[in-house]
Amino acid sequence: MSKVWPTSLPDRDWQFKQKESVHDLLSRMTLAEKVGQMTQVEKNSISPEEVTEYAIGSVLSGGGGNPMPNMPQEWADMVHGFKEAARKTRLGIPLIYGVDAIHGHNNVVGATIFPHNIGLGATRDADLVEQIGRITATELVATGVRWTFAPCVAVPHDLRWGRTYEGYSEDTNLVAELGAACVRGLQNTHGAQAVLSCPKHYVGDGATTWGSGRSYDWIIEQWPAADHDWPIDQGISEVDEATLRAKHISPYIAAIEAGAMSIMVSYSSWDGAKLHAHKYLLTDVLKNEIGFHGFLVSDWMAIDQIDPDYYTCVVASINAGLDMIMVPFNFRRCVSTLTQAVENGDVPLERINDAVARILTVKFALGLFDEPSRNEHPISDIGAESHRQVAREAVRKSLVVLKNDDHTLPVPRNMKQILVAGQAADDIGLQCGGWTIEWMGKPGHSTPGTTLLTAIRGVVSPDTTIDYSPDGHFRGADEMAEIGLVVLSESPYAEGTGDRADLTLSAADVALIERVRPHCQQLVVILFSGRPLIITDHLEKFDAFIAAWLPGTEGQGIADVLFGDYPFTGRLAYSWPKRMNQIPLKGMAESGEDPLFPFGFGLA
Ligand code: GLC
């Protein structure tokens, strides 16, 4: 494969000028400075002064790694502080700050929050995904952030996985198309400051087998309430190489062709080895065969899983082809261990030089060496109305109508009475899902936005009575309301905390539906979820059913289609199973039954 350079660069001969710069700079760097460039530290574990002292090349905010107060200006000030610290080092090599902006600049209160990837998959709209990438880049740059750990180009095969919603689809081609669009949007900002994309998690993160995961004690310390037994996340991908290449590696090729210059390695394992120590897949396949010329970054504390001995972890991962180590906590141990490994000859100096050259190449490609100290986009770009309108369009296009008996939808706006039930109808946190403000997200008014209930209130006629009850208790009205609307949701989760053995609708949700049913002529159910849930036994209780996925802050987009201002156009990006025995996808085929709704289904 020919070496691909990002098309966002000003000109094509840049690469020759830049190569001289990289090799010139590399020749002047000490081992300590090289090791510093290969070390990425979580912002809560390092001070700006230590960034200068150790010549650290990158700092990140993990999910929820926010400044206090969590506001755009505080973000810009925090990031600026770390960047200034790097400028004070002997060589002044610029620092790159990374975050998980996976559905907008989602850590920041006030940012535009877009539908999660499972909803974008249902839009089938690559141009829209590219536009979302560009808007996200604008809001990131407004806070000085030039790297996002996105897009996730997993191809999930098991809906029980807590990261299903981070995947665009079960279909590789759709994942490849939309992943590449996101990369272009983030990086090709037409002259404006690009944001480095980071397709993840290479490779086979979505192919792991249920039961092959494990429990993580460190989760208990950090998140005592979170489930720390993760049966499938970070497990073992039991697919043959042909399948791994065809289904799971191909989205990375599309992303690299779109200009991706960093890739995050997966926690998972394949063919008996952790990906973070997999020289064949990291170096032989990705770097040498495919021609990936950017750099590989580890996942959060991921190298620690390779072996009980940390020295072995560092040596195995760097020699396998890892270029930058993400260190959430003890960066001094990482720096001293890698330095020791080079001095002992266990990690060859040419491997270090290759890793640093890759990192510097990307920093030159992004223009970080010429980056002005003031952020190119104003803070006011964050959450701008024009951005929210694009998010609203994405919500509209992401909704999938799976049932619509007797033309229940669209709902008339001049009804006498509409009943609205379910906490999720008026809860931005439930509407956004995980990776929103906090790592796992959180219910409640976590960030500015429009809930579905607020949107409904703005659409229906003034003569319409809207009765809202989070728990669906409506006084026995003398006559039935024309429409009952029940909004169901999963509780927010992230990663393995969302691994769930049973995806059937909860008893509480069924009770809510049954409580509202007698009070309305037609019942509409809307589901906020990170994946299809098993609703087969209850579907006959409602007249219309809309899968809304995790729409984000712009609930107006739901009202737009609910009341008919726009058509329903969404199509399932994942097969919708009838029963648990149709999960994972292999079970679907073996069950001898059709899914409840097939991939691509959606009523207009
Ligand atoms: C997490 C996730 C990864 C994320 C990283 C930094 O564990 O696996 O997707 O980018 O840590 O937050």
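Before going into details, it helps to say that this report is about the structure given with it. Fair warning: this is a prediction, and the values are worked out from it, not measured in the lab.

**Things to note about the sheet that holds strand β1 (residues 39-42)**
Now for step 1: The five strands are arranged β4-β3-β2-β1-β12 in an open sheet whose pairing can be described as parallel. This sheet does not close on itself; its edge strands, each paired only once, are β4 (147-148) and β12 (325-327).
Now for step 2: Here strand β2 (residues 58-61) pairs with strand β3 (residues 96-99) via four bridges, running parallel. Within β3, the residue paired with S61 across the bridge is V99.

**Describing the site of the ligand**
Now for step 1: By nearness alone, 13 residues border the ligand, and D100, R163, K200, H201 and D299 come closest of all.
Now for step 2: H201 places a polar side-chain atom, nitrogen or oxygen, 2.7 Å from an oxygen atom of the ligand.
Now for step 3: At 3.0 Å, a side-chain N or O of Y267 approaches an oxygen atom of the ligand.
Now for step 4: The fraction of the free accessible surface of the ligand (310 Å²) that becomes covered by protein chains is 97%.

**A short note on the environment of G119**
Now for step 1: Along the chain, G119 turns up in helix α5 (residues 117-123).
Now for step 2: Separated by 207 residues in the primary sequence, G119 and M326 place their C-alpha atoms 29 Å from one another.
Now for step 3: Ignoring any residue separated from it by four or fewer positions in sequence, one finds G119 in contact with S398 and W549.

**Some thoughts on the pairing of β2**
Now for step 1: Residues S58 and L60 point to one face of β2 and V59 and S61 to the other, with burial holding for every one of them.
Now for step 2: As paired elements, β1 and β2 share three bridges and run parallel to each other. Each bridged residue has a counterpart across the sheet, and for V41 the counterpart in β2 is V59.
Now for step 3: Assessed by its sense of winding, the connection that carries the chain from β1 through helix α3 (residues 48-54) to β2 is right-handed.
Now for step 4: As for the winding sense of the linkage, the β-α-β connection from β2 through helix α4 (residues 72-87) to β3 is right-handed.

**What about the pairing of strand β17 (residues 520-528)?**
Now for step 1: The buried fraction of β17 is high, at seven of nine residues.
Now for step 2: Across eight bridges, the pairing between strand β16 (residues 481-489) and β17 is parallel. When the sheet's bridge partners are listed, L488 is paired in β17 with L527.
Now for step 3: The β-α-β motif built from β16, the intervening helix α17 (residues 507-516) and the parallel element β17 has right-handed crossover chirality.
Now for step 4: The sheet contact formed by β17 and strand β18 (residues 544-549) spans five bridges and is parallel. Note on β18: the bridge partner recorded for V525 is F545.

The rules we used
- Residues numbered from 1 in each chain as written.
- Predicted model: local features only at pLDDT ≥ 70, side-chain atom pairs only at ≥ 80, totals over all residues.
- Heavy atoms only, no water.
- Pairing = 2+ DSSP bridges.
- Helix = DSSP H or I, 4+ residues; strand = E, 2+ residues; numbered from the N terminus.
- Near = heavy atom within 4 Å.
- Polar contact = N/O pair within 3.5 Å; in protein donor to acceptor, adjacent residues only side chain to side chain.
- Areas by Shrake-Rupley, 256 points an atom, 1.4 Å probe, with all protein chains shown as cover.
- Contact = heavy atoms within 4.5 Å.
- Buried < 20%, exposed > 50% of the residue type's maximum accessible area, 1.4 Å probe, protein only.
- Right-handed = clockwise from strand over helix to strand, strands pointing away.

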